[in-house]
Amino acid sequence: MTAAQPELTRPESIRPEPMRDGSFPMQAWGLPDEGELDRVVVVSPHLDDAVLGCARFMAVHPGVTVVTVFAGNPESYPEPMRTWDVQSGFGPGDDVMEARRREDRRALALLDATPMHLEFVEYSYNPDDRPVAPEAVAEGLITALSVLEPTLVLAPFGLANPDHDVTHRACMLARERLGTTVSWWCYEDNGYKHIPGMLAWRVSSLFRRKLWPTPVCPRVDSDEARKQAAIACYPSQLLALEADWAISAKLAAPAPEQFWRLAPPPAGWERLAEESSTRP
Ligand SMILES: [Zn+2]
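What you see is a predicted model; the values in this text were computed from it and never measured. (Residues numbered from 1 in each chain as written. Predicted model: local features only at pLDDT ≥ 70, side-chain atom pairs only at ≥ 80, totals over all residues.)

## Structural notes on the overall build of the chain
Part 1 of the argument: A tally of regular secondary structure across the chain gives 11 helices and 7 strands.
Part 2 of the argument: For the chain, the spread of C-alpha atoms along the three principal axes comes to 75 × 50 × 40 Å.
Part 3 of the argument: Evaluated residue by residue, the chain yields a buried proportion of 37% over its 280 residues. (Helix = DSSP H or I, 4+ residues; strand = E, 2+ residues; numbered from the N terminus. Buried ≥ 20, exposed ≤ 12 C-beta atoms within 10 Å, placed from the backbone.)

## Comments concerning unusual backbone geometry
Part 1 of the argument: Of note, the bond from Glu79 into Pro80 is cis; its omega dihedral lies within 30 degrees of zero at 0°.
Part 2 of the argument: Across the junction of Ala253 and Pro254, the peptide omega takes the value -10°, indicating a cis bond.
Part 3 of the argument: Turning to its location among the elements, Pro254 is positioned in the loop between helix H10 (247-252) and strand E7 (259-263).
Part 4 of the argument: With a phi close to 55°, Asp112 is a non-glycine residue in the positive phi region.
Part 5 of the argument: Tracing the backbone shows Asp112 in the loop between helix H4 (96-110) and strand E3 (114-117).
Part 6 of the argument: Taking the number of C-beta atoms within 10 Å as the measure of exposure, Asp112 has 14 and is therefore partly exposed.

## Details of the sheet that holds strand E1 (residues 40-44)
Part 1 of the argument: Across the sheet, which stays open at both edges, the 7 strands sit in the order E3-E2-E1-E4-E5-E7-E6 with mixed pairing between neighbours. A strand with exactly one partner marks an edge of an open sheet, and here the two such strands are E3 and strand E6 (212-216). Going from strand to strand, the sheet's axes swing by 30° on average, the running direction of each strand aside.
Part 2 of the argument: Taken together, the 4 bridges between strand E2 (residues 65-68) and E3 define a ladder with parallel strand orientation. Among the inter-strand pairings, Thr65 is bridged to a residue of E3, identified as Thr114.
Part 3 of the argument: Across the face of the sheet, helix H2 (residues 49-59) comes into contact with E1, E2, strand E4 (152-156) and strand E5 (183-187) while running at roughly 140° to E1. (Pairing = 2+ DSSP bridges. Axes fitted to C-alpha atoms, helices over the stretch in contact; angles between N-to-C directions. Contact = placed C-beta atoms within 7 Å.)

## Considering helix H6 (residues 162-178)
The α-helix advances 3.6 residues per turn, and as a result positions three or four apart in sequence lie on the same side.
Part 1 of the argument: In a regular helix each residue adds 1.5 Å, so 17 residues correspond to 24 Å; H6 covers 24 Å between its end C-alpha atoms and thus fits that length.
Part 2 of the argument: Among all positions of H6, only Asp163, His164, Asp165, Val166, Thr167, His168, Ala170, Cys171, Ala174 and Arg175 are buried.
Part 3 of the argument: Here the buried face of H6 lies against E1, helix H5 (134-148), E4 and E5.
Part 4 of the argument: Just downstream of H6 lies Gly179, where phi reads positive at about 85°. (Expected span 1.5 Å × (residues − 1).)

## Description of the packing of H5 against H6
Part 1 of the argument: It is at 8 Å that the axes of H5 and H6 come closest, and there the two elements cross at 55°. Judged on the interaxial angle alone, H6 and H5 are oblique. Between H5 and H6 lies a crossing whose hand is right-handed. Across the interface between the two elements, Pro134, Glu135, Val137, Ala138, Leu141, Ile142 and Leu145 from H5 touch Val166, Thr167, Arg169, Ala170, Cys171, Leu173, Ala174, Arg177 and Leu178 from H6.
Part 2 of the argument: Considering only residue class, the contact of H5 with H6 consists of 12 nonpolar, 1 polar and 3 charged. (Parallel < 35°, antiparallel > 145°, perpendicular 65-115°, else oblique. Left-handed = near helix turned anticlockwise from the far one by under 90°. Nonpolar A, V, L, I, M, F, W, Y, C, P; charged D, E, K, R; others polar.)

## Considering the environment of Gln237
Part 1 of the argument: By the element assignment, Gln237 lies in helix H9 (residues 235-245).
Part 2 of the argument: Overall, Gln237 belongs to the buried group, with 25 C-beta atoms counted inside 10 Å.
Part 3 of the argument: Here Gln237 is in contact with Asp48 and Ser88, once residues within four sequence places are set aside.

## Some details on H9
Part 1 of the argument: Among all positions of H9, only Ser236, Gln237, Ala240 and Leu241 are buried. In a view along the axis of H9, the buried residues occupy a sector of 120°, so they form one face of it.
Part 2 of the argument: Here the buried face of H9 lies against helix H3 (83-87), H4 and H10.
Part 3 of the argument: Positioned one or two residues after H9, Ala246 has a phi angle of 50°, which is positive. (Arc of directions from axis to C-beta.)

What follows is the structure, encoded as structure tokens:
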């Protein structure tokens with residue numbers, strides 16, 4: 001306690017009678033449900049996004065599986081090299097993706113998390129920068145999730161970058177197929193969430209599709225040390241992330257991690273979505 005705080009004038013002996021029982025809905029909103037965190041899967045578009053967006057969560061929830069969608073090698077690396085790979089410090093002849101998979105395994109080991117690398121190829125390795133179809137990624141995800149049997153899946157909002165967008169859409173397709181026994185939350189795509197309007201756009205489009213994104217507060221590591229140590233395991237990506245996003249200033253702040261539950265509106269609340277579209 002500091003000297004600046006005002007003195008309490010109410011005697012500590014006064015305790016009001018409880019007026020709410022455990023069924024009062026505001027008590028549960030914003031908190032994980034019982035058993036929801038038993039088996040958690042984080043879906044990561046690239047080899048680093050889960051750690052950038054969820055490391056403080058993973059640091060206090062050991063046993064998470066991180067399924068990284070775009071972890072596969074292209075048939076051949078393009079010549080000239082991709083700008084991103086040049087920014088990441090790679091040279092001609094390097095097996096970029098193998099180096100990045102190694103970085104990911106080291107980072108996740110620090111967080112007591114398990115990597116699962118899918119073999120989809122990043123859009124910027126494909127002819128004409130063509131992204132993989134969300135339906136194809138959804139099939140791969142459903143196969144992975146059927147084995148892992150998660151109670152909760154953390155999906156990226158999928159902002160701006162085509163691989164992130166495809167991953168988000170694939171997650172939503174998987175969500176429809178896997179039914180209501182699995183909970184789905186979204187995490188915020190580090191870097192891309194700072195593009196003006198991007199996060200608001202995705203939240204509003206989910207809201208209009210009756211998947212109301214609502215902030216939820218799981219326990220997270222209050223110390224940044226393990227997150228920073230895990231992020232330091234991606235030295236190649238940090239070079240490019242610094243060049244494009246000034247990532248070190250945001251991580252040093254430190255940037256918060258926020259998770260959003262996706263769920264249909266409470267019964268009787270559906271009209272809020274319709275009314276909000278007609279108001280200024
Ligand atoms: Zn990414």
